[in-house]
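Okay, here's what each chain looks like letter by letter:
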Amino acid sequence: MGTKTILIADDSRAMRAMLTSTLEALDDCRIVEASSGFEAMRLLPREKVDLVLTDINMPDINGLELISYMRNNPNYQDIPIIIISTEGSQKDIERGKLLGANDYVVKPFDPATLQELLQKYLNRA
Amino acid sequence: MSDSSASVSKAVKDFLMEAEEITDLLGSELADLADAAESGDLNPDLVNSIFRGAHSLKGLAGMFGFAAIAELSHNMENLLDCLRLGKLNLDQPLIAVLFQAHELLTSLVRSVAEGATAAHSADLAACITKINALLAPPEEQVGVSPLSQLGLSERIQDALTEYEEHRLQDNLSRGRSIYIIHTSFDLSTFDQELARISDQLKTYGEVISVLPSVGGNMETHIDFDILFGTTRQSDDLERLVENDAVTVTRLGKATPPTAPPPPVSPQPPRHAATPAASPAHDAVAAPAPALPGPVPVVGDDAAQTAKSMSRTVRVDIGKLDELMNIVGELVLAHSSISGVATRMRTEGFSRMAVELGKATKALERKLTDLQKGVMEIRMIPVGQLYEKMSRIVRKISREQGKKVELKFHGADTELDKLIVEDISDPMMHIIRNAIDHGIEAPERRLALGKDEKGTIRISSYQKGNHVVIEVEDDGGGIDIERVKAKAQQKGFVQDIGGVSDKEALDFIFLPGFSTNDKVNEVSGRGVGMDVVRNNIAAVSGMVDIETVAGKGTRFIITLPITLAIIKALIIASSGRTYAIPISSVLESLLLTEKDIRTVERKEVIQLRETTLPLLGLDAFFGIERRGERHGEFYVVVVGVAEKRLGIVVDDLLGQQDIVIKSLGEVFRRFRGISGAADLGDQRTILVLDVGGMVNEAMRSGN
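Computed from a predicted model, the values in this text were never measured in an experiment.

Parameters and conventions
- Residues numbered from 1 in each chain as written.
- Chains lettered and ligands numbered in written order.
- Predicted model: local features only at pLDDT ≥ 70, side-chain atom pairs only at ≥ 80, totals over all residues.
- Heavy atoms only, no water.
- Helix = DSSP H or I, 4+ residues; strand = E, 2+ residues; numbered from the N terminus.
- Contact = heavy atoms within 4.5 Å.
- Areas by Shrake-Rupley, 256 points an atom, 1.4 Å probe, with all protein chains shown as cover.
- Buried area = accessible area lost by both parts, 1.4 Å probe.
- Salt bridge = Lys/Arg side-chain N within 4 Å of Asp/Glu carboxyl O.
- Polar contact = N/O pair within 3.5 Å; in protein donor to acceptor, adjacent residues only side chain to side chain.
- Pairing = 2+ DSSP bridges.
- Axes fitted to C-alpha atoms, helices over the stretch in contact; angles between N-to-C directions.
- Left-handed = near helix turned anticlockwise from the far one by under 90°.
- Nonpolar A, V, L, I, M, F, W, Y, C, P; charged D, E, K, R; others polar.
- Parallel < 35°, antiparallel > 145°, perpendicular 65-115°, else oblique.
- Buried < 20%, exposed > 50% of the residue type's maximum accessible area, 1.4 Å probe, protein only.
- Phe/Tyr/Trp six-rings, centres within 6.5 Å; stacked < 30°, edge-to-face > 60°.
- Core = buried A, V, L, I, M, F, W, Y, C linked by side-chain atoms within 4.5 Å.
- Expected span 1.5 Å × (residues − 1).
- Bend = angle between axes of the 7 residues up to and from the residue.
- pLDDT = per-residue confidence, 0-100.

1. Describing the overall build of chain A
For step 1, the next point in the chain: Scanning chain A from N- to C-terminus turns up 5 helices and 5 strands.
For step 2, the next point in the chain: Starting at the N terminus and walking to the C terminus, you meet the elements of chain A as β-α-β-α-β-α-β-α-β-α.
For step 3, the next point in the chain: If you take every contact in chain A between residues at least 6 apart in sequence, the share linking residues at least 24 apart comes to 59%.
For step 4, the next point in the chain: With an accessible surface of roughly 4900 Å², chain A has 43% of that area assigned to carbon and sulfur atoms.

What follows is the structure in structure tokens.
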């Protein structure tokens, strides 16, 4: 199957570090980090991304805008997108799913749950 | 996260670093918010940014298992959400609660940093109760959203967050027109281009949302739809952005729900002002009567530009300390090699001694460079403290009903990071005092013919090996007669008549002295000026006061530039060896017994025009004097700020770079010692705290 590339878009350095160390436990995974929506958009054409994990609340382009962009762009519309959200942001999660996000996790989550979820989408791809 | 592996502690460090960043930013933004509430010019971007801060902290604290921080920031977030969605008005009680919550949040984060499991639970519960009392009851949205009449395309509408929807509605309710500005940028530069165009637009109104979209040339370009609210006409907007490949489309209130689709052409057309000019477009000219001339617009100065490429690296100060210690040890190793070279020369290995001497010289030069380099990394501009100060000033002056302006000079003066951290609290205390006791109430200032607004000026500048920070207010000054009376009443002095004004000011720094009998919330936190002096002395600094009745008070803090590696004069006294930081040494004199005079049972010498008090180290430390002083001896003249003192020593052993190591809390109460240093030949000696000794000598001299 080859190495899978996961793009993490989150403006929190500590969250990215934690997500990276969680995902590195998965087999054959390469992590690409973006600290903003813009950075994610710039990385998408450069990296062959297999899955996107995105925060909603980011400066410049937020997660919803990123999802909308990806789903409207034929190059990225099939890449699975998982939202990382926070308790109490139900409305934004709903919108994200409406825009075409595949799944979501709510902070605080158990790293194992995220690993399982990702594995599911990566295997499917 | 319950396992305690190394990775966890790294994770906690990551968390702390970011949590501190967020709380710092929240603090200054809250101060801005309070200012905005006063001036009535509230920028929605600011409220949203504060909300985002609380939101991020909630998620972060939740993930890392800090429940109290997560809970408090969650409640703050709720409150801020209501504020940004217009469900609450920005008023004083709300700001007060936000400040209180922020303060608690900061101390919660700090207790994580200190590894303390401090129980703030009572404070936490109280704060959350206050927040909940302000929270608006959840209201269900009724009726049709006016947004549906805008004719926003589904693609754009769906991607709006709840907040963006609210901003859209708010703009409409202010009678602004909503435009969609469609642009297309090259993939490689889109963020700068977008930031530039957003900044331009912000001078005319509010950028509500920026939605990336796909244009005809998606391999090389990214298109954007900018949702923009303004009172301007589309002509104005087109002129504003005329150099860009944009299309400006106005959305109408009464338009049927078919907005003109964003153009999808390989080369976006220029100024296709109203593509598919819907009849509705013309019909909606009415809702926003354009005001003539530039309109003051909210959000015009919020230059929320894209993150610039940063060329800085954040480093844990602990790592720099380690590096500094290694450099220090290298310096010591160099000293011993150099000692060997000298011995070889005297013992006749002359050729090898010369070669070794050359090599050590070369090593020394590189070591100096290395030391300088590491030192420079530790240096940060004093200005980093100022933001914190201005927050405090705004907060306290608001609480006290006083008007205070804070002015800064020399913010780029650099100091060792650790010193900057350690003087933060004492400076804060001095500033609190200045507002509390110094600056008069506005009415009183007006009556005195002063500007209603008081000024606190913080200036910093380098003076030789020291950095001077002055905190100056233009308040009422210190009432010296009251200070004297108090000192006598407290029994600090028997005969107040013989005390000069300058000496009297020194009483303020004595433990247990406070000119204000009434303990108040601002200055009376059970912390006196003695703590301020001690904290400053702990980093080998000094504090002086100058005051003029009716005109104001100036605190002058003199600090060494760094504490890490210093040049020291090594001296011997009563068979013991000590180090005196060279930065405090003014000169050394060789004297004989007959040069000493005794005035009021104190030994002094005449040094040019002045009388210099002498201090024997044995007497100071209460050590039994070994051998009588006979014949010649040395006096090392030391000075900090304006004060001078002669330290009597038996011998001068030379100059050396030393690394000062702290002796820890236990030894803190020993006056006159700032730490210990290793001389490189397995000998450990004490480093004299000149500032502390000078103070002590002056005090006992009175």
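2. Things to note about the interface of chain A and chain B
For step 1, the next point in the chain: Contact with chain A, which involves 37 residues of that partner, is made by 42 residues of chain B.
For step 2, the next point in the chain: Carbon and sulfur atoms supply 59% of the area that chain A and chain B bury against each other, a total of about 3500 Å² over both sides.
For step 3, the next point in the chain: Between the two partners, chain A and chain B, sit 5 salt bridges.
For step 4, the next point in the chain: In this structure, R42(A) engages D191(B) in a salt bridge whose closest nitrogen and oxygen atoms are separated by 2.4 Å.
For step 5, the next point in the chain: Across the contact surface, chain A and chain B share 12 residue pairs in polar contact (both at pLDDT 80 or more).
For step 6, the next point in the chain: Sorting the residues of the side of chain A that touches chain B by element identifies helix 1 (13-23), helix 2 (37-46), helix 3 (63-72) and helix 4 (90-99) of chain A as the ones contributing at least two each.

3. Section: unusual backbone geometry
For step 1, the next point in the chain: Along the chain, K107(A) connects to P108(A) via a cis peptide bond; the corresponding omega equals -5 degrees.
For step 2, the next point in the chain: Of note, P108(A) is situated in the loop between strand 5 (103-107) and helix 5 (111-124).
For step 3, the next point in the chain: A positive phi angle, close to 50 degrees, is found at E600(B), a residue other than glycine.
For step 4, the next point in the chain: Backbone geometry places R608(B), a non-glycine residue, at a positive phi of 50 degrees.
For step 5, the next point in the chain: On the secondary structure map, R608(B) appears in the loop between strand 16 (602-607) and strand 17 (610-616).

4. Quick look at the sheet that holds strand 2 (residues 205-213) of chain B
Residue and element names in this part refer to chain B.
For step 1, the next point in the chain: As summarised here, the arrangement of the 4 strands in space is 2-3-1-4, forming an open sheet in which the pairing is antiparallel. Sheet topology places strand 2 and strand 4 (246-251) at the edges, where each strand pairs with a single neighbour. In this sheet, neighbouring strand axes are inclined to one another by 20 degrees on average, regardless of whether the strands run parallel or antiparallel.
For step 2, the next point in the chain: Pairing of strand 2 with strand 3 (residues 221-230) involves 8 bridges; the strand directions are antiparallel.

5. Section: the packing of helix 1 of chain A against helix 5 of chain A
Residues and elements named next belong to chain A.
For step 1, the next point in the chain: For the pair helix 1 and helix 5, interaxial distance at closest approach is 10 Å and the crossing angle is 60 degrees. Crossing angle aside, the handedness with which helix 1 passes helix 5 is right-handed. Side by side, helix 1 and helix 5 meet where L19, T22 and L23 of the first sit next to P111, L114, Q115 and L118 of the second.
For step 2, the next point in the chain: Looking at the contact of helix 1 with helix 5 residue by residue, the class counts come to 5 nonpolar, 2 polar and no charged.

6. Considerations on the packing of helix 11 (residues 317-346) of chain B against helix 12 (residues 350-378) of chain B
Residues and elements named next belong to chain B.
For step 1, the next point in the chain: Between helix 11 and helix 12, the least distance of the axes is 9 Å, while the angle of their chain directions is 165 degrees. As judged from the angle between their axes, helix 11 and helix 12 are roughly antiparallel. Every pair of crossing elements has a handedness; the one defined by helix 11 and helix 12 is left-handed.

7. Digging into the sheet that holds strand 16 of chain B
All names here are of chain B.
For step 1, the next point in the chain: Judged by pairing direction, the sheet is mixed, and its 6 strands sit side by side in the order 14-18-19-17-16-15 without closing on themselves. Looking at the sheet topology across the chains shown, the edges are occupied by strand 14 (585-592) and strand 15 (597-599). If you compare each strand with its neighbour and ignore which way they point, the axes differ by 40 degrees on average.
For step 2, the next point in the chain: In this structure, strand 14 lies alongside strand 18 (residues 632-640), joined through 7 bridges in antiparallel fashion. From the neighbouring strand, L589 faces strand 18, where its bridge partner is V635.

8. Regarding the environment of A568(B)
Residue and element names in this part refer to chain B.
For step 1, the next point in the chain: Looking at where A568 falls in the secondary structure, it is placed in strand 12 (residues 565-573).
For step 2, the next point in the chain: Its relative accessible area of 0% is what places A568 among the buried residues.
For step 3, the next point in the chain: C-alpha of A568 to C-alpha of S583: the two residues are 15 residues apart in sequence and 7.9 Å apart in space.
For step 4, the next point in the chain: Ignoring any residue separated from it by four or fewer positions in sequence, one finds A568 in contact with A579, I580, P581, I582, G654, Q655, Q656 and I658.

9. Section: the pairing of strand 8 (residues 454-463) of chain B
Residue and element names in this part refer to chain B.
For step 1, the next point in the chain: Relative to strand 8, strand 6 (residues 404-409) runs parallel, the two sharing 6 bridges. Each bridged residue has a counterpart across the sheet, and for E405 the counterpart in strand 8 is T455.
For step 2, the next point in the chain: For strand 8 and strand 9 (residues 466-473), the ladder comprises 8 bridges, and the chain directions are antiparallel. From the neighbouring strand, Q462 faces strand 9, where its bridge partner is V467.

10. Describing the packing of aromatic side chains
For step 1, the next point in the chain: Going through the model one piece at a time under the given rule, you end up with 10 aromatic pairs over all chains.
For step 2, the next point in the chain: Taking the centre distance of 6.2 Å and the plane angle of 45 degrees together, the rings of Y69(A) and Y76(A) count as tilted. Of the two residues, Y69(A) and Y76(A), neither departs from the other in class, the shared state being buried.
For step 3, the next point in the chain: Considering the side-chain rings of F620(B) and F621(B), the 5.1 Å spacing of their centres and the 85 degrees angle between planes classify their relative orientation as edge-to-face.
For step 4, the next point in the chain: Relative accessible area serves as the criterion here: at 23%, F621(B) is assigned to the partly exposed category.

11. Digging into the pattern of salt bridges
For step 1, the next point in the chain: One pass over the structure, following the stated rule, counts 37 salt bridges over all chains.
For step 2, the next point in the chain: The closest approach of N and O atoms between R16(A) and E33(A), which form a salt bridge, is 3.0 Å. On the criterion of sequence distance, the pair formed by R16(A) in helix 1 and E33(A) in strand 2 (residues 29-34) is long-range, its members being 17 residues apart.
For step 3, the next point in the chain: With a relative accessible area of 12%, R16(A) lands in the buried category.
For step 4, the next point in the chain: A residue is classified by how much of its surface remains accessible, and E33(A), at 35% relative accessible area, is partly exposed.
For step 5, the next point in the chain: When the shortest N-O distance is used, the salt bridge between R394(B) and D35(B) registers 2.5 Å. Note that R394(B) is positioned in helix 13 (residues 383-400) and D35(B) in helix 1 (residues 6-39), a separation of 359 residues in sequence.
For step 6, the next point in the chain: It is possible to trace a salt-bridge network through shared partners that takes in R167(B), D170(B), R174(B) and E206(B).

12. Examining the nonpolar core
For step 1, the next point in the chain: In this structure, I69(B) and L72(B) are the most contacted members of the largest nonpolar core, which totals 65 residues.
For step 2, the next point in the chain: It is helix 4 (residues 92-113) of chain B that provides the largest number of residues to this core, a total of 11 residues.
For step 3, the next point in the chain: Apart from residues no more than four positions distant in its own chain, L72(B) is found in contact with A101(B), L104(B), L105(B), L108(B), L124(B), C127(B), I128(B) and I131(B).
For step 4, the next point in the chain: Within the second largest apolar cluster, 60 residues are counted, among which are F38(A), M70(A), L168(B) and I197(B).

13. Points about helix 14 (residues 417-438) of chain B
Residue and element names in this part refer to chain B.
For step 1, the next point in the chain: Relative to the 32 Å expected for 22 residues at 1.5 Å per residue, helix 14 spans 30 Å between its end C-alpha atoms, a close match to the ideal helical length.
For step 2, the next point in the chain: Where helix 14 bends most, the angle comes to about 35 degrees, and this point is S424, followed within four residues by the proline P426.
For step 3, the next point in the chain: Of all 22 residues in helix 14, 16 are buried, a share of seventy percent or more.

14. Regarding the pairing of strand 16 of chain B
All names here are of chain B.
For step 1, the next point in the chain: Two strands pair when backbone bridges link them, and strand 15 and strand 16 are joined in this way by 3 bridges, in the antiparallel orientation. When the sheet's bridge partners are listed, V599 is paired in strand 16 with K602.
For step 2, the next point in the chain: Relative to strand 17, strand 16 is paired through 4 bridges, and the arrangement is antiparallel. Paired with L607 across the strands is T610, a residue of strand 17.
For step 3, the next point in the chain: Connecting strand 16 to the next strand, strand 17, in antiparallel fashion are 2 residues, including R608 with a positive phi near 50 degrees.

15. Details of the confidence of the model for chain B
Residue and element names in this part refer to chain B.
For step 1, the next point in the chain: Taken over all residues, the pLDDT of chain B has a mean of 79, while the share at 70 or more is 83%.
For step 2, the next point in the chain: The secondary structure element of chain B with the lowest average pLDDT is helix 10 (residues 279-283), at 40, and the one with the highest is helix 3 (residues 67-84), at 91.
For step 3, the next point in the chain: Every residue in residues 1-7 is under pLDDT 50, and counting partners more than four places away or in other chains gives 5 contacts.
For step 4, the next point in the chain: Below a pLDDT of 50 lies the segment residues 254-310, which in the model reaches 94 contacts outside its immediate sequence neighbourhood of four places, other chains included.
For step 5, the next point in the chain: Overall fold confidence (pTM) sits at 0.53, and the ipTM for the predicted complex is 0.89.

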